[in-house]
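# Commentary on secondary and tertiary structure
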Amino acid sequence: MATVKIVLRTNYKKKNGTCPLAIRITKDRKTRYVFTGYYILEKDWNADEAKVRKSYSNSGRLNHLLTTKQKEAEAVVLDSETSNQSVSTKEIQKKVARKGRTVSFFKFGAERVKGKHTSGVFSVARAERSILCNIEEFVKLKKSESIESVKQAIQERRRKRVGQSRKPGYSFLEELKPFSKNKSLYFEDINTAFLNQFKVFCTSYLEMKTRTVTNQLIFIRTLYNEALSQGVVEAKYYPFAGEKEKIRIGSGHKIGLSKEEVERIEALDLEEGSAIWHTRNVWLVAYYFAGIRITDVLNLTWGDIKDGRLYYTMKKNEKSVSLKVPVKAQDTFDYYKTSKSRKKDFVFPYLSKANPDDPHDLFVKARNATSLLNKYLKRIAQKCGIETNLSNHIARHTFGNIAGDRIHPMMLQKLYRHSDLKTTIGYQANFVHKEADEALESVLN
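This is a predicted model, so every value here is computed, not measured. (Residues numbered from 1 in each chain as written. Predicted model: local features only at pLDDT ≥ 70, side-chain atom pairs only at ≥ 80, totals over all residues. Heavy atoms only, no water.)

Pairing in this open sheet of three strands is antiparallel, and the strands run β6-β7-β8 from one edge to the other. The sheet terminates laterally at β6 (305-306) and β8 (320-324), the two strands that pair on one side only. (Pairing = 2+ DSSP bridges. Helix = DSSP H or I, 4+ residues; strand = E, 2+ residues; numbered from the N terminus.)

Here you go:
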């Protein structure tokens, strides 16, 4: 049976003489403490009664708060023991620390982002950190200021963050620390009214499109679900339940190039070895392999190509893929391979200066290369007279557009590396128009 008691930790005395009040949890002769965040002088504490003396101003209110916290801790212990859970004092300590409004939304979010970064999912970590910044901007918004002045201030802070990230010695984890101390928002504060106002803020101040706003809400919902599972917040506060906030993901329009436009890109006369020449080759290889994601193309090594097949692991979901190397892709590879090429060497030159043993360095250099490739793809589109907004990801859409309804969905699922056939059918629906076009023609003509 675990015991719970409020104590004064005199061994943590501050320079002004005050000591922290804490909840002491003892079980099986092991003790843990959860600090309440309140400090008092040793003379104002009655250790025998575990109460604040009347000599302390507002002693009544503080004693009431301490009693409430002790009851919450006792409830956690009781819940654990009545459910026959064999929990340690450390586990009880964590549950007690999460009771009440002790873990802010920003602190909880920062812990998730830190976990993503530490596990090497750098792109997700950066995207989620940006969302935390957007929510922070909303929380501290002063409505008395004009929209234009607020927008300019937000843009300036963004530019500063980007500038800092490019400086030597930059630490992503250091940038997360301010969130851990930010107590301006708790999960209980996030209700339907909060979400509605946040959506307006995203569209009017951050000038986001519908899908981007949806991404912000999905992140909030994800954090809320994690907080619920960890006992940080009670289910009654959940703002996405029942008829409350509904997150709807629009289908959007996916537009790929035609076969004739691809042929124009293939036939484009470019100086061998130039930046735009490399860009064309990378994009075509992505297309030749049914739209491999650009980061996977950049990370290809000669060791991934064996006996006329390409073997690689997708960065996004760690799925293993094996595909026959098409003749056109092999021709492209032949441009790059030399007698000195080793299995561990990258096929394309963009990551040649990256440290292969440093996942973050690989991520940064791949991200920079992606921006550069998109820049040159715009020039390629202009040279080829292509009006579609040509980008790295359009290679995937282009394959889908040319495949149309000629390839069975189950085969496309394998080529796209989708986990669910429904995903493939939904994706390919963007590019299959024959039946709808014929139906329209039959009515009008």
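Time to look at the packing of aromatic side chains. In the structure shown here, the tally under the stated rule is 20 aromatic pairs. Look at Phe 105 and Phe 106: their rings are 5.8 Å apart centre to centre, the planes differ by 80°, and that puts the pair in the edge-to-face class. Three or more aromatic residues joined by ring pairs make a cluster, and in this case those are Phe 105, Phe 106, Phe 108, Phe 179, Phe 187, Tyr 224, Tyr 238 and Phe 240. For Arg 9, the ring lying beneath its charged end belongs to Tyr 33, and the centroid distance is 3.7 Å. Its end group placed over the ring of Tyr 376, Lys 375 keeps NZ or CZ at 5.7 Å from the ring centre. (Phe/Tyr/Trp six-rings, centres within 6.5 Å; stacked < 30°, edge-to-face > 60°. Lys NZ or Arg CZ within 6 Å of the ring centre and 35° of its normal.)

Nonpolar side chains tend toward joint burial in soluble globular proteins. Formed by 54 residues in total, the largest nonpolar core has its most connected members in Ile 265, Trp 283, Phe 289, Leu 298, Phe 333 and Leu 390. Sorting the residues of this core by element identifies α9 (259-267), α10 (275-288), α11 (294-298), β7 (309-313), β8, α12 (327-336), α13 (359-384) and α14 (394-403) as the ones contributing at least two each. Of all hydrophobic cores here, the second largest spans 42 residues; its members include Ile 135, Phe 138, Tyr 170 and Leu 185. (Core = buried A, V, L, I, M, F, W, Y, C linked by side-chain atoms within 4.5 Å. Buried < 20%, exposed > 50% of the residue type's maximum accessible area, 1.4 Å probe, protein only.)

Glancing now at helix α3 (residues 105-118). Helix length check: α3 (14 residues) gives 20 Å between terminal C-alpha atoms against 20 Å at 1.5 Å per residue, within 8%. Residues of α3 that are buried include every one of Phe 105, Phe 106, Phe 108, Gly 109, Ala 110, Arg 112, Val 113 and His 117, and no others. In this fold, the buried residues of α3 make contact with α4 (122-139), α6 (172-180), α8 (210-229) and α13. Of the residues trailing α3, Gly 120 is marked for its positive phi of about 90°. (Expected span 1.5 Å × (residues − 1). Contact = heavy atoms within 4.5 Å.)

Across a sheet, strands are paired by hydrogen bonds formed along the backbone, either parallel or antiparallel in direction. Read across the open sheet, the three strands follow the order β1-β2-β3; overall the sheet is antiparallel. Of all strands in the sheet, those bounded by a partner on one side alone are β1 (3-8) and β3 (30-41). The mean angle between the axes of side-by-side strands here comes to 20°, regardless of whether they run parallel or antiparallel. Sheet topology note: the β1/strand β2 (residues 18-27) ladder contains six bridges and is antiparallel. Within β2, the position partnered with Val 4 by the bridge is Ile 25. (Axes fitted to C-alpha atoms, helices over the stretch in contact; angles between N-to-C directions.)

Taking 1.5 Å per residue, 13 residues should reach 18 Å; helix α7 (residues 192-204) reaches 18 Å between its end C-alpha atoms and fits that length. For α7, every residue scored as buried is listed here: Phe 194, Leu 195, Phe 198, Phe 201 and Cys 202. Down the axis of α7, the smallest arc covering the buried residues is 120°, so these residues share one side. The inward-facing, buried residues of α7 abut α4, α5 (147-165) and α8. (Arc of directions from axis to C-beta.)

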